[in-house]
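Remarks on the overall topology
Each chain, letter by letter, is given below.
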Protein chains: 2
Amino acid sequence: MKLSELSTPALCVDVDVLQRNVERMAAFFRGRSCALRPHFKAHKTPAIARVQAAAGCAGFTCATLDEAEVLAAHGFDDLLIANELLDSTKTDRLRALADRARVTVAVDSLAGVALLRDLPLAALVDVNVGLPRCGVPPGGAVEIARAVADSHLQLRGVMGYEGHAMGIMDRESRAQTAREAMANLLGVADELRVAGLEVEVVSAGGTGTYDITGTIPGVTEVQAGSYALMDTTYARFGLPFAEAVRCLATVLSVQGGLAVLDAGLKALAVDHGSPELPDDVPASVLFLSDEHTTLATDAGFAARPGDRLWLRPSHVDPTVNLHDRLFAIRSDEVLDVWRVEARGYRASPH
Amino acid sequence: MKLSELSTPALCVDVDVLQRNVERMAAFFRGRSCALRPHFKAHKTPAIARVQAAAGCAGFTCATLDEAEVLAAHGFDDLLIANELLDSTKTDRLRALADRARVTVAVDSLAGVALLRDLPLAALVDVNVGLPRCGVPPGGAVEIARAVADSHLQLRGVMGYEGHAMGIMDRESRAQTAREAMANLLGVADELRVAGLEVEVVSAGGTGTYDITGTIPGVTEVQAGSYALMDTTYARFGLPFAEAVRCLATVLSVQGGLAVLDAGLKALAVDHGSPELPDDVPASVLFLSDEHTTLATDAGFAARPGDRLWLRPSHVDPTVNLHDRLFAIRSDEVLDVWRVEARGYRASPH
């Protein structure tokens, strides 16, 4: 099938760019004491997880139980749910998941340990290393770790996501913030060891810090996800990964300095700002509505109604999550259709 | 089933609030020369369309062919796709749709007319009445209308969405902007009539202007959608509709002035700002990540990990579009599970 046969909007992945990104990240971690555990939340697509597994990685990271269930159904069996689970309706599903895969979860409270304590899971103590989100403050980690060790959960170590470093564009400032966060996390790991508690895993990192956090002695795995498909936000960071995902859109209207495309808020996430056009299109994005992107056109804008243009997503994770399928392309050929199988939320009852 | 049995995040609709909203809007239009044509894009849920049809309405408005296909499959047969269609891969689907429903589309260019000219559809000339988006400038409408009349398309009239008025909170300014837009649109309608062209339909309006635009003589139908479920943005406008949709979330973590919920960017759209908490929860939303909402908690915040809280969406259309199901609730009972059947995009090949 040709690209021109796709109905728009269509979210497309350049398979060669994807392959290069995945290979570059895998190569970075080859032979290191720190492993790559790709974050599945960035694409939710088993076909892409297979590309990552083929290039080499130590299992996968997930943000939700739903994502872990999808990966387990595809035979992936070393899964970290790098998130707290406090929803009591999910414990039966967790138990069933643990029958098919080695599952590690994050805990940051006694309530979390109490809910999961009888399940055949491993656990990491999630430590707040500076991002205002989940994680026990460093001083409280030993108490949580002891509670894990006293339960049926297997204590494997600690995690701490330095997400507050991830968005700092200046590399040296980003590195400094990440190093401070990891000093906190490794300090907690030492405290646990001194207390006689098991710390085999120190899990952290992301696409913005993989080569900083991933080279700090003591960090055992990095949870990067965005590097595979990338987006315009990370593209500004000078990382060795290129944008592999773009949204194909049809021009609906061209009138008096405006042009309108048929992809809007329901095809492209805007939490990191509007998507962007390719550099060679003389226009800029004004705003998005549900099903439209309005462009301000410059001199030389030549596209007419019915023509097609690419939009470059600003934030890959929530953009892919809007789509049920990704189209795997090479130049103007559509090679495959990939299901974004972990999109959305499973519900009770199913 | 009880609310407590739902896995989170779960997007829930209070059926009584929905019913009152729908009834109020239907009652406003009863006996008027202007009809209500509810916009399906706001919820994409056939079960809600049935509530709207039962209360009384003149067919439905859609933003996409996909939405119209879903409504037609549920037996709704008077459908306006209030949007330009320039994607040539969709003409066969449009032809098939026209076999099962009376379908009207919007056109604003000769290219649009050329693509659709042999299809058994009706058409409205989409006029730009001030919103920088689709629509021919008023001076160009007669040319497009003539092209429609010279094709196999049936010319039915004009539409013009005064979306630039919709977000003005001050009622008098909003009304003034809407009236100016409608004066433009009705002026175009008169021009077409003088030129001997058919203008049976003048379609416009939305939830923010239904009682302004809907009472201007000559406007024949209003395309309001958000009124059924509402959101925090429209809730500030003093309209006679109440918020019927909320997202149930589980508290994952409570630490040092922060609390974190298990619903984030993939459960709640943020293009109109962050979701909000109910007024009686002493906390405020700091920011959203993919699967988290971080709250800054005030004195008296009593929720603990495992408890549940409601989040109130800021923009209903893209929020519902993130979910595959809506849970129809009354108090703590789950009465029904409704499929958001028109969520996402159908693709070629299917």
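Below, the structure is looked at part by part. Predicted model, so just to flag it, every value in this text is computed and none were measured. (Residues numbered from 1 in each chain as written. Chains lettered and ligands numbered in written order. Predicted model: local features only at pLDDT ≥ 70, side-chain atom pairs only at ≥ 80, totals over all residues. Heavy atoms only, no water.)

Take the interface of chain A and chain B next. Each side of the interface is counted separately: chain A has 67 residues, and chain B has 67 residues. Interface area for chain A against chain B, summed over the two sides, is near 5200 Å², with a carbon-plus-sulfur share of 54%. It is A:Arg133, A:Lys266 and A:Tyr345 in chain A that bury the most area against chain B; as a group they hold 15% of the surface buried on that side. Here chain A is connected to chain B by six salt bridges. The residue A:Asp87 makes a salt bridge to B:Arg308 at a minimum N-O spacing of 2.8 Å. Summed over the shared surface of chain A and chain B, the number is 32 residue pairs in polar contact (both at pLDDT 80 or more). For the side of chain A that touches chain B, the element with the most residues is strand β10 (residues 245-255) of chain A, which contributes five residues. Within the side of chain A that touches chain B, the residues separate by chemical class into 26 nonpolar, 20 polar and 21 charged. (Contact = heavy atoms within 4.5 Å. Buried area = accessible area lost by both parts, 1.4 Å probe. Salt bridge = Lys/Arg side-chain N within 4 Å of Asp/Glu carboxyl O. Polar contact = N/O pair within 3.5 Å; in protein donor to acceptor, adjacent residues only side chain to side chain. Helix = DSSP H or I, 4+ residues; strand = E, 2+ residues; numbered from the N terminus. Nonpolar A, V, L, I, M, F, W, Y, C, P; charged D, E, K, R; others polar.)

All names here are of chain A. With parallel pairing, eight strands are arranged side by side in an open sheet as β2-β9-β8-β7-β6-β5-β4-β3. Where the open sheet ends on each side, the last strands, each with one partner, are β2 (35-36) and β3 (60-62). Strand direction decides the pairing type here: β3 and strand β4 (residues 78-84), joined by three bridges, are parallel. Bridged to phenylalanine 60 within β4 is leucine 79. (Pairing = 2+ DSSP bridges.)

Another aspect to go through is the relation of the copies chain A and chain B. With an RMSD of 0.0 Å, the fit of chain A onto chain B corresponds to turning through 180° and sliding 0.0 Å along the axis. Given the turn and translation reported, the copies of this chain are related as if by a two-fold rotation axis. When the interface residues of chain A are mapped onto chain B, 100% of them again lie at the interface, so the same face is used by both copies. (Least-squares fit on C-alpha atoms with pLDDT ≥ 70 in both.)

Pairing is parallel in the open sheet, where eight strands are placed in the order β2-β9-β8-β7-β6-β5-β4-β3 (chain B). Both outer strands of the open sheet, β2 (35-36) and β3 (60-62) of chain B, are each paired with one neighbouring strand and no more.

A separate point is the pairing of strand β16 (residues 333-339) of chain A. All names here are of chain A. Across six bridges, the pairing between strand β15 (residues 325-330) and β16 is antiparallel. In the strand pairing of β16, phenylalanine 327 is matched with valine 337. Between β15 and β16, which follow one another and run antiparallel, lie two residues, and serine 331 among them has a positive phi close to 55°.

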